[in-house]
Amino acid sequence: MMSLLFRCCAALSFLLLALVAAAPSSAAAGATAAPPPIEAFFADPQLSGAVLSPNGRFLAAISGAPERRDMLAVIDLQTKATKLIGYERVDVDDFQWVNDERLVFDVIDKRLGPGHTNVAGGLYGVDRDGANLRQLVARREEIIETSLNNSTASRRLPWHTFMLGQRGAQDSDWIYVRSLDFDSRGEVRHVDLLHLNTRTGANRLVPRPNGIVESWMLDNAGQPRLALASEDGKTTVHYRDPASSQWRVIATFDSYAGDDNAFSPLGFGDDGALYVSKYNGKDTASLYIFDFATGKVRPQPVITADGYDFEGALVSRNGKLLGVRVLTDAYDSVWFDPGMKALQARIDALLPGTVNLLSVASRADTPWALVHAYSDREPLSYILFDTESGKLTRIGDTYPDIDPARMGRQDDVKYAARDGRTIPALLTLPPGGGKNLPLVVLVHGGPYVRGSTWGWDSDSQFLASRGYAVLEPSYRGTTGFGEAHFRAGWKQWGLAMQDDIADGARWAIAQGIADPKRICIAGASYGGYATLMGLVRDHDLYQCGVNWLGVSDINLMYTGSWRLASDLGKEWKKYGMPLLIGDQVKDAAQLKATSPIEQAARIQRPLLMAYGGADRRVPLYHGTKLRDAVGRTNGQVEWIEYEEEAHGWSLPKNRVDFWGRVEKFLDKHIGKNAAKAAP
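S.K.: Please provide a residue-by-residue account of the overall build of the chain, values included.
M.R.: A tally of regular secondary structure across the chain gives 14 helices and 37 strands. The buried share among the 679 residues of the chain stands at 56%. Only carbon and sulfur atoms are counted for the fraction: they give 49% of the accessible area of the chain, which is about 28,200 Å². Separation of charge centres in the chain, based on 75 positive and 80 negative side chains, amounts to 1 Å.

In structure tokens:
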């Protein structure tokens, strides 16, 4: 029988460290020392997800170590005692506080890739001291034995039940969880909401409104208040009246094209007001309040992020809205509460070199605040601030083997595309900077998402540590920079979106940053597609390409060739893809002209390709078909297949292996060895 493991520590010597400013290495030493090992960048985080208990006395986080599985660490901030809760054969994956005494968590085997395990990790309730463990939700593959009897086991909810991911009332043993309902093809038909007792396993279904509900939102008191349904390309927002508990529709709009009624719900304030992100006739979205009496948003925005679409989260305590976390070039906080504004100023004065995001307990009666601190050179750290003594204490670092003094600087830059459109980008330079450097143009996936934001990133910093400048363009179609920038990317795969990326490389050349003879394009998913099309269209600009998990033909996204069920939903294929990417019939000629497979003979530069055998987004067939097509005319193709991986590298060993291969590939074609071989 496999039982839950507990480890106690009298003090937090392994987690809780006094905060001491690190002495930066000298530039000369950084220039001559060997670069940090690959493992420092691509190992799993050693500490992640730190959250204060509702009263603020305790802190929980996922604690990792090379010699054991990831465990749930619960720290008593008053006594400095720690409890580690976990298993011998699986890892704790995620958790939530239920109340001050109890938590829930799920598990996953992080030593197996998605192709060798199921991601449904069950759900377990446990007291913060490790007592009263109860399995609440079955795992899809039960590999954990417990002492629960058959009667108790029969009350487990089915495997397709998951944490909601929102902070509930936290005043009882009850939480809300999501229950997915599937159709005959394995696609999610709708999402139910259940109220679950974490001690007894008792549960009850929350009545849902008509329609195919996809997501739920709790109000500021932790009660179900909003449900979003999607059907036939339309999104309907349902509101549950607090007086009658009856659902009513407050908005319906086009799911993909948007219209005047479209908005994105963000959360509720203490007065029941609904905060939403909306364009409201402007090019960039702002934060507004939805007026339930009129059925419209109030005309005056609450927060406008100049030059950016509003994106962020509400911050509340004791049911009161304190402020909003906002993403512009980096994350920041806008505080409505004067006390929080003053607290932010105190912490920023003590930690001037980092972005400092404050996390507050929901019903704090202790002096502690949790700080999430990071910069372009420093990975995320968790720091405790005692508001009474003014003392900072470092809880732990996500990547403790990273020395910030040996990381490169990152800047937000802008350049003009050939048609005049302004393209935002991130530029990361090697430690010490430099000119006429080998350049990697790193293209983000999506593509209709926000790309990388300012802050330490393992991919770009690893490349910079090896001497490369890294340019990450937010080409048209990228979200977050206004509606016009987003819409300009519709049906522009391989066309204007591709031009934006190439224009970024040419801008770097003109600025003296990049050596025009040593430029490589790289990216995953859509970024892999852009890599392939870059080698098709701009072979004079790029000396090589690195494509992992890349789409090799848009038509294949429609027609499939999946060994496993696709995770591209039928609504997206029917309504989203024809509008944003291209219609198979109306745009047939364009899809052929912008297909890397159809244009494979034009890819003549060295190409590194890597795919996952269990990928349900871009199946392995995309890679093998392209590999064979390019291989007929190009003898410089390197192929990697990670059989157990899906749409991304989940296993540290595969991340280390992949980036080790990338390092050798780049060094050969645009790095130091390439420079030595040049005449």
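S.K.: Break down the pairing of strand β30 (residues 410-416) for me, with residues and values.
M.R.: Bridge count for β30 against strand β31 (residues 422-428) is 7 bridges, and the pairing is antiparallel. Of the residues in β31, the one forming a bridge with glutamine 410 is threonine 428. Hairpin connection of β30 to β31: 5 residues between the antiparallel strands, including glycine 420 at a positive phi of 95 degrees.

S.K.: Can you lay out helix α10 (residues 570-580) for me, pointing to particular residues and giving the numbers?
M.R.: Residues of α10 that are buried include every one of Glu571, Lys573, Gly576, Met577, Pro578 and Leu580, and no others. Buried positions along α10 lie against β16 (224-231), α6 (483-487) and α9 (554-559).

S.K.: Explain the side chain of aspartate 70 to me, and be specific about the residues and the numbers.
M.R.: With respect to the secondary-structure elements, aspartate 70 resides in strand β5 (residues 68-76). Within the structure, the side chain of aspartate 70 is placed 2.8 Å from the side chain of lysine 110, a separation counted as a polar contact. Aspartate 70 has contacts with Ile62, Ser63, Gly64, Ala65, Val90, Asp91, Val92 and Lys110, leaving out every residue within four places of it along the chain.

S.K.: Hey, could you go over the sheet that holds β30 for me, with residue numbers and the actual values?
M.R.: Pairing is mixed across the open sheet formed by 8 strands, whose spatial order is β30-β31-β33-β32-β34-β35-β36-β37. In this open sheet, the two strands that pair with only one neighbour each are β30 and β37 (637-642). In this sheet, neighbouring strand axes are inclined to one another by 20 degrees on average, regardless of whether the strands run parallel or antiparallel. One ladder, built from 6 bridges, connects strand β36 (residues 607-612) with β37; its direction is parallel. Bridge pairing links methionine 609 to tryptophan 639 in β37. The sheet contacts of helix α5 (residues 458-465) involve β30, β31, β32 (437-443), β33 (469-473) and β35 (544-548), and relative to β33 the element is tilted by about 150 degrees.

S.K.: Let's hear about the confidence of the model for the chain: which residues, and what values?
M.R.: Confidence in the prediction of the chain, expressed as mean pLDDT, is 91, and 91% of residues score 70 or more. pLDDT under 50 marks residues 7-31. Its contacts with residues more than four places away, or in other chains, come to 44 contacts.

S.K.: Explain the pattern of salt bridges to me, and be specific about the residues and the numbers.
M.R.: For the structure on display, the rule yields 32 salt bridges. Measuring nitrogen to oxygen at the nearest pair gives 4.0 Å for the salt bridge that ties arginine 394 to glutamate 378. In this pair, arginine 394 is assigned in strand β29 (residues 392-397) and glutamate 378 in the loop between β27 (368-374) and β28 (381-386), connecting sequence segments 16 residues apart. Looking at arginine 394, the relative accessible area reads 15%, which means it is buried. On the basis of relative accessibility, which here comes to 17%, the residue glutamate 378 falls in the buried class. Each of Arg102, Asp127, Asp173 and Arg199 takes part in salt bridges that share partners, so that together they form one network.

S.K.: Give a description of the pairing of strand β24 (residues 320-327) that names residues and reports values.
M.R.: Counting buried residues in β24 gives 6 out of 8 residues, a clear majority hidden from the surface. Pairing analysis gives 6 bridges linking strand β23 (residues 312-317) to β24, with the strands arranged antiparallel. Across the sheet, the residue bridging to arginine 317 is lysine 320, located in β24. Between the end of β23 and the start of β24, which pair antiparallel, lie 2 residues, with asparagine 318 showing a positive phi angle near 55 degrees. With 5 bridges joining them, β24 and strand β25 (residues 331-335) adopt antiparallel strand pairing. Bridge pairing in β25 places glycine 323 opposite tryptophan 335. In this structure, the hairpin formed by β24 and β25 is closed by a connection of 3 residues.

S.K.: Go over the packing of aromatic side chains, please, and point to the residues and values.
M.R.: Taken as a whole, this structure holds 31 aromatic pairs when the rule is applied. These aromatic residues form a ring-pair network of at least three members: Phe41, Phe42, Tyr399, Trp456, Phe462, Trp548, Tyr642, Trp649, Phe658 and Trp659. Seen from the ring of tryptophan 174, arginine 204 lies directly overhead, with NZ or CZ sitting 4.2 Å from the centre. Here the guanidinium or amino end of arginine 627 rests over the ring plane of tryptophan 639, the centre of that ring lying 4.6 Å away.

S.K.: Any chance you could break down the sheet that holds β16 for me, citing the residues and the numbers?
M.R.: Pairing within the open sheet is antiparallel, and its 4 strands lie in the order β15-β16-β17-β18. If you trace the sheet from one side to the other, it starts and ends with β15 (213-218) and β18 (247-254), each paired once. Strand-to-strand, the axes of this sheet are offset by a mean angle of 20 degrees, without reference to chain direction. Of the pairings in the sheet, the one linking strand β17 (residues 234-240) to β18 comprises 7 bridges and is antiparallel in character. Opposite lysine 234, over in β18, you have aspartate 254 as the bridge partner.

Cut-offs used in this document
Residues numbered from 1 in each chain as written. Predicted model: local features only at pLDDT ≥ 70, side-chain atom pairs only at ≥ 80, totals over all residues. Heavy atoms only, no water. Helix = DSSP H or I, 4+ residues; strand = E, 2+ residues; numbered from the N terminus. Buried < 20%, exposed > 50% of the residue type's maximum accessible area, 1.4 Å probe, protein only. Areas by Shrake-Rupley, 256 points an atom, 1.4 Å probe, with all protein chains shown as cover. Lys, Arg positive; Asp, Glu negative; His and termini not counted. Charge placed at Lys NZ, Arg CZ, Asp CG, Glu CD. Pairing = 2+ DSSP bridges. Contact = heavy atoms within 4.5 Å. Polar contact = N/O pair within 3.5 Å; in protein donor to acceptor, adjacent residues only side chain to side chain. Axes fitted to C-alpha atoms, helices over the stretch in contact; angles between N-to-C directions. pLDDT = per-residue confidence, 0-100. Salt bridge = Lys/Arg side-chain N within 4 Å of Asp/Glu carboxyl O. Phe/Tyr/Trp six-rings, centres within 6.5 Å; stacked < 30°, edge-to-face > 60°. Lys NZ or Arg CZ within 6 Å of the ring centre and 35° of its normal.

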